[in-house]
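Close look at the chain arrangement
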Amino acid sequence: MQAKTAFPVIWDSIKIWWKDWANQVLVALSAVLLSLTVVLYPLALFGVYEQALDLSHGIRTGILGFWKGFKTYWRVSLPWGLLNLLVIGFLGFNTWFYLNVDHPIALVLMALMLGLVSFWLIWQFYTVSCFFLQEEKELKPAWKNGLAIILLQPGYAIVIALVMLILVGLSLTTFIPFFLGSVPLIAILGLRAVQETIKQDDA
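Residues numbered from 1 in each chain as written. Predicted model: local features only at pLDDT ≥ 70, side-chain atom pairs only at ≥ 80, totals over all residues. Heavy atoms only, no water.

Okay, the packing of helix H6 (residues 104-133) against helix H8 (residues 154-174) next. Packing of H6 against H8 leaves a shortest axis separation of 10 Å and a crossing angle of 105°. Overall, the two elements H6 and H8 adopt an arrangement that is roughly perpendicular. Taken together, the residues of H8 that come into contact with H6 (itself represented by Ser118, Leu121, Ile122, Phe125 and Tyr126) are Tyr156, Ala157, Ile160, Ala161, Met164 and Leu165. Grouping the amino acids of the contact of H6 with H8 by side-chain chemistry returns 10 nonpolar, 1 polar and no charged. (Axes fitted to C-alpha atoms, helices over the stretch in contact; angles between N-to-C directions. Helix = DSSP H or I, 4+ residues; strand = E, 2+ residues; numbered from the N terminus. Parallel < 35°, antiparallel > 145°, perpendicular 65-115°, else oblique. Contact = heavy atoms within 4.5 Å. Nonpolar A, V, L, I, M, F, W, Y, C, P; charged D, E, K, R; others polar.)

If you want it as structure tokens, here you go:
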């Protein structure tokens, strides 16, 4: 798939999200409030993806779908969330450390850490999307499938991922997108991106 194929997917994701915007804002608020506990953030995220998957199929489940995903996938989402906290925490600490080191190579190492953080976020973005679209609800094949999308469709995957990273960046720095439903939009974008790769493989 070419990079330009990503733009219709992005636009379609925005349209799906906008048609159910009121419900998506409610889901986003619920997810953000639960995520403040830190422990519940992975359950909340999987809940967001569950209702986003329904919405991508034209079914509006909103909070009910969110709650279903929250309860159903807690055994999968908790270890996934713990691993993410460890990886991002480690890379984040190293980025901060090199930022405060007065040495020429420190800038290079800081850039490397930022690159690794970005790659990890992109990989998890596709991993969770693959998880919800595969028959077996297991993380191991989802990780493999997520990585395969990045490696086999780099242009397409990067364009989609850039939108995701921009939304994440704006949400973490200004907080406003969080409360306007950015998290469900990211979930819909990931699901639609993977759905299109599946269609391409089946064609």
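Turning next to the nonpolar core. Core analysis: the biggest nonpolar cluster contains 55 residues, and Phe125, Tyr126, Phe132 and Ile160 have the highest contact counts within it. Of all the elements, H6 adds the most residues to this core, at 11 residues. Apart from residues lying up to four places away in sequence, Phe125 is in contact with Tyr49, Ile160, Met164, Ile186, Leu189 and Gly190. (Core = buried A, V, L, I, M, F, W, Y, C linked by side-chain atoms within 4.5 Å. Buried < 20%, exposed > 50% of the residue type's maximum accessible area, 1.4 Å probe, protein only.)

What follows deals with the confidence of the model for the chain. Mean pLDDT over the chain works out to 93, with 99% of the residues at or above the 70 mark. Mean pLDDT values for the elements of the chain range from 82 in helix H9 (residues 176-179) up to 96 in helix H3 (residues 41-56). (pLDDT = per-residue confidence, 0-100.)

Turning our attention to the packing of aromatic side chains. Applying the stated criterion across every chain yields a total of 18 aromatic pairs. Residues Phe119 and Trp123 carry aromatic rings whose centres are separated by 6.0 Å and whose planes lie at 40° to one another, so their mutual orientation is tilted. Note that Phe119 and Trp123 are positioned in helix H6 at a spacing of 4 residues, about one turn of the helix. On the basis of relative accessibility, which here comes to 18%, the residue Trp123 falls in the buried class. Their ring planes at 80° and their centres at 5.6 Å tell us that Trp120 and Trp123 sit as a pair that is edge-to-face. In this pair, Trp120 and Trp123 are both assigned in helix H6, 3 residues apart and thus about one turn of the helix distant. For Trp120, a relative accessible area of 13% corresponds to the buried category. The rings of Tyr41, Phe46, Tyr49, Tyr73, Trp80, Phe131 and Phe132 are connected pair by pair, giving a single aromatic cluster. (Phe/Tyr/Trp six-rings, centres within 6.5 Å; stacked < 30°, edge-to-face > 60°.)

Relative to the helices and strands, Ser13 resides in helix H1 (residues 6-19). On the basis of relative accessible area, Ser13 is assigned to the buried category, the value being 0%. If we skip the residues at most four places from it in the chain, Ser13 touches Leu185, Ile188, Leu189 and Arg192.

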